[in-house]
Amino acid sequence: MSRLTEYTDFKYFVVSSPSEHVAHVEINRPTKLNAFIEEMWIELGKIFSQLSHDQEVRAVVFSGAGDRGFTAGLDVQAASQGGPLQENEPEQQDGARRATKLRRHIVEFQNCISQIEKCEKPVICVMHGISLGLAIDMSTCADVRICSKDAKFAVKEVDIGLAADIGTLSRLPKVVSSFSWVKDVCLTARGFGADEAFAVGFVSQVLDTKAKAIDAAIRLASLIASKSPVAVQGTKELLNHARDNSVADNLRYTSVWNQAMLQSEDFKAALMSGLTKNKPRFAKL
């Protein structure tokens, strides 16, 4: 596994390449259970924005460093010591101005986390151990979710006196099979484990250990990266569009998309490989 030199300036994340055309992004604050402070979500947004246009990368694995957990979510202690909720300037006594500042802060936070979903490359999220709050926000942005059997999940926001506002309430209902279950875990903030997460479709694989989960994710990412990037990135775009639009609108969008993408050399190369039984290699995108 080699470190990607274009991503070495980030303080709280390690970005490496475990196999050809695959990037592995690790949250790297294990002494604090990978809990997030503002600098971290800003870095996260920059990393996934850069990966989106990195022609050397075709699939991404996203995980957390350390044995104890993927992330404990927001660093509540750090947030309580500063930030928009703690502002005491005189002008902040005006409700409208205070509300505007809070809204801008929330939108910036949302936009950073949403870069995972906006990344043109498929993202496979691997969760283990403690995976709370922001873990759900980030993982629902990913395309595929895998966990180890020790994973402990929770949508914790109601326990700290707020409605989740970074994406869980928007995306979780579209990820799993039961809206009743979504309301159950979001309204109560109760914990749930790997088996329950698998049963409702929140994760698609459960592995015995973190190491096995990472290996499974890298194998899956390597398989995806071996395919045509035109086909893979188009498939992700069209599936995400289908999720958020009607069947009729998606069929029309697909026809417009493929009127261009079917002209790719990848299409011809993939067809010929089936006839010749040779593995095709595809140009960068």
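Note: the structure precedes this text.
Since we're looking at a predicted model, the values are computed, not measured.

Parameters at a glance
The residue numbers shown here count from 1 along each chain, following its written sequence. The predicted nature of this model means local features are confined to residues of pLDDT at least 70 and side-chain atom pairs, given and counted, to a pLDDT of 80 or more, with totals for whole chains, interfaces and linings taken over all residues. With hydrogens and water set aside, each side-chain value is computed from the structure's full complement of heavy atoms. Here a strand is any run of E in DSSP of at least two residues, a helix any run of H or I of at least four, and the numbering for each starts at the N terminus. Multiply 1.5 Å by the residue count of a helix minus one, and that product is the helix's expected span. Accessibility here uses a 1.4 Å probe with only protein chains present; expressed as a share of the type maximum, an area under 20% marks a residue as buried, one over 50% as exposed, and anything in between as partly exposed. Pairs of residues are marked as contacts when any of their non-hydrogen atoms sit within 4.5 Å. Put simply, a patch holds well-exposed residues, over 30% relative accessible area, that have no salt bridge, with like charges counted together within 9 Å and Val, Leu, Ile, Met, Phe, Trp or Tyr side chains within 5 Å. To be clear on the numbers: accessible area is Shrake-Rupley with a 1.4 Å probe, and residue cover counts the displayed protein chains and nothing else. The salt bridge criterion pairs a side-chain nitrogen of Lys or Arg with a carboxyl oxygen of Asp or Glu, the two atoms within 4 Å. The criterion for strand pairing is that DSSP finds at least two bridges linking the strands in question.

J.: Looking at this structure, I do not really get helix α1 (residues 38-52). What am I missing?
T.: Structurally, the α-helix is built with 3.6 residues per turn, so residues lying three or four positions apart point the same way. Its 15 residues give α1 an end-to-end C-alpha distance of 22 Å, which sits within 8% of 21 Å, the value for a rise of 1.5 Å per residue. Here α1 has its buried residues at Met-40, Trp-41, Glu-43, Leu-44, Gly-45, Ile-47, Phe-48, Leu-51 and Ser-52. Packed against the buried residues of α1 are β2 (13-19), β3 (22-27), β4 (59-64), α3 (95-118), β6 (123-127) and α4 (134-139).

J.: I'm lost on a nonpolar patch on the surface in this one. Help?
T.: The grouping of Leu-74, Val-76, Ile-160 and Leu-162 at the surface amounts to a nonpolar patch, some 310 Å² of accessible area in total. One can find Leu-74 in the loop between β5 (69-71) and α2 (76-80).

J.: Before we go on, may I ask you to explain unusual backbone geometry in this structure?
T.: Residues apart from glycine generally show negative phi values, whereas peptide bonds are mostly found in trans. Phi at Leu-33 takes a positive value of approximately 55 degrees, unusual for a residue other than glycine. The backbone of Ala-189 shows a phi angle near 65 degrees, a positive value even though the residue is not glycine. By the secondary structure assignment, Ala-189 is in the loop between α6 (179-188) and β10 (192-193).

J.: How should I be thinking about the pairing of β3 in this particular structure?
T.: The two faces of the sheet receive side chains in turn, since in a regular strand these alternate between them. Most of β3 is tucked away: five of the six residues are buried. Bridge count for β2 against β3 is five bridges, and the pairing is antiparallel. Across the sheet, the residue bridging to Ser-16 is His-24, located in β3. Hairpin remark: β2 followed by β3, antiparallel, with two residues in the connecting loop; positive phi at His-21, about 65 degrees. Here six bridges tie β3 to β4, and the two strands are oriented parallel to one another.

J.: Quick question: what am I supposed to make of the sheet that holds β4 here?
T.: The strand order across the open sheet formed by seven strands is β1-β2-β3-β4-β6-β8-β11, and the pairing between neighbours is mixed. What marks the edges here is a single partner per strand, and that holds for β1 (2-3) and β11 (205-207). Bridging between β6 and strand β8 (residues 144-148) involves four bridges; their strand directions are parallel. Counted as the bridge partner of Ile-124 is Val-144 from β8.

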